[in-house]
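Take a look at the letters that make up each chain.
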Amino acid sequence: MVAVIPSVDVSSVPAELPAGKVLLDVREADEWEAGHAPGALHIPMSELAGRLEELPEAELLVVCRAGGRSARVTQYLNANGWDATNVDGGMQVWAAEGRPLVSERAGVEPEVI
C-alpha cells in the first residue's frame, strides 16, 4: 500500500502564514543561508530526528528545494503524530512566483540554490 502524502501547491501557501501554521524548511544550511522564506523555521532533514523537540505544536507546511525531501519529512512527521503537509514545488517555485526571500548572507541578494 502506498502512503498518501498530504500536499499543497506553493501558490496555496500564504506569504504570511496564519496563527497555528509554520513553514518548516528542511534544506541544508548552505541552501537556507542563500535564501529562504521570511519567518520559516529551519531544521535540516539530516538533523530532524535529533531536533524533534524544536517543532512547535502547529500545522507544519514542509518545504525543501523542489519537494522530494519535504515529501519524505512530511510522511515521517505524519507517521509520528505531527500534522504536516508537503509544499509541492518547494523553494524553486516559491522564488519563481516572486514570493519574498531573505538571506543570511549580508549584502547578497537572496537566491534559491
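Fair warning: this is a prediction, and the values are worked out from it, not measured in the lab.

### Here we look at the pairing of strand β5 (residues 84–88)
Thinking step 1. Most of β5 sits inside the fold, with four of its five residues counted as buried.
Thinking step 2. Bridge count for strand β1 (residues 7–9) against β5 is three bridges, and the pairing is parallel. Bridge assignment links Val-8 to a residue of β5, and that residue is Val-87.
Thinking step 3. As paired strands, strand β4 (residues 59–63) and β5 are joined by three bridges and run parallel to one another. Bridged to Leu-61 within β5 is Thr-85.
Thinking step 4. Taken together, β4, helix α2 (residues 68–79) and β5 form a β-α-β motif whose crossover is right-handed.

### Examining the sheet that holds β5
Sheet strands associate in pairs through backbone hydrogen bonding, adopting either a parallel or an antiparallel arrangement.
Thinking step 1. Read across the sheet, five strands follow the order β1-β5-β4-β2-β3 without closing on themselves; strand pairing throughout is parallel. Only two strands of the sheet have a single neighbouring strand rather than two, namely β1 and β3 (41–42).
Thinking step 2. Along the sheet, α2 makes contact with β2 (21–25), β4 and β5, crossing β5 at roughly 170°.

### Considering the packing of aromatic side chains
Thinking step 1. For the coordinates displayed, the defined rule picks out zero aromatic pairs.
Thinking step 2. Its end group placed over the ring of Trp-94, Arg-99 keeps NZ or CZ at 4.8 Å from the ring centre.

### Some remarks on the UniProt feature "domain: Rhodanese" (unreviewed entry) in the protein
Thinking step 1. As recorded in UniProt, the sites labelled "domain: Rhodanese" (unreviewed entry) are residues 17–103.
Thinking step 2. The distance separating the terminal C-alpha atoms of residues 17–103 is 19 Å; by composition the span is 29% helix and 20% strand.

The rules we used
- For every chain, the first residue of the written sequence is number 1, and numbering continues from 1 along that sequence.
- The predicted origin of the model limits local features to residues at a pLDDT of at least 70 and limits the giving and counting of side-chain atom pairs to 80 or more, whereas totals for whole chains, interfaces and linings rest on all residues.
- Hydrogens are left out, water is left out, and the side-chain values use all remaining heavy atoms of the structure.
- Burial classes follow relative accessibility: with a 1.4 Å probe on protein chains only, a residue under 20% of its type's maximum area counts as buried, one over 50% as exposed, and anything between as partly exposed.
- Segments assigned H or I by DSSP are reported as helices when at least four residues long, segments assigned E as strands when at least two residues long, and all are numbered from the N terminus.
- When DSSP finds two or more bridges between a pair of strands, those strands are recorded as paired.
- Crossovers are described as right-handed under a simple rule: with the strands pointing away from the observer, the path leading from the first strand over the helix to the second runs clockwise.
- Residue contacts follow a heavy-atom distance rule, with two residues in contact if any of their heavy atoms lie within 4.5 Å.
- Helix axes use the C-alpha atoms of the stretch in contact, all axes being lines fitted to C-alpha atoms, and the angles between their N-to-C directions lie in the range 0 to 180 degrees.
- Centres within 6.5 Å are what make two rings of Phe, Tyr or Trp a pair, Trp counting through its six-membered ring; a difference in plane orientation under 30 degrees is then read as stacked, over 60 as edge-to-face, and the rest as tilted.
- Criterion for a charge above a ring: Arg CZ or Lys NZ at most 6 Å from the ring centre, at most 35 degrees from the ring normal.
- UniProt positions are given in the numbering used here, feature names are shortened, and annotations may be inferred rather than shown by experiment.

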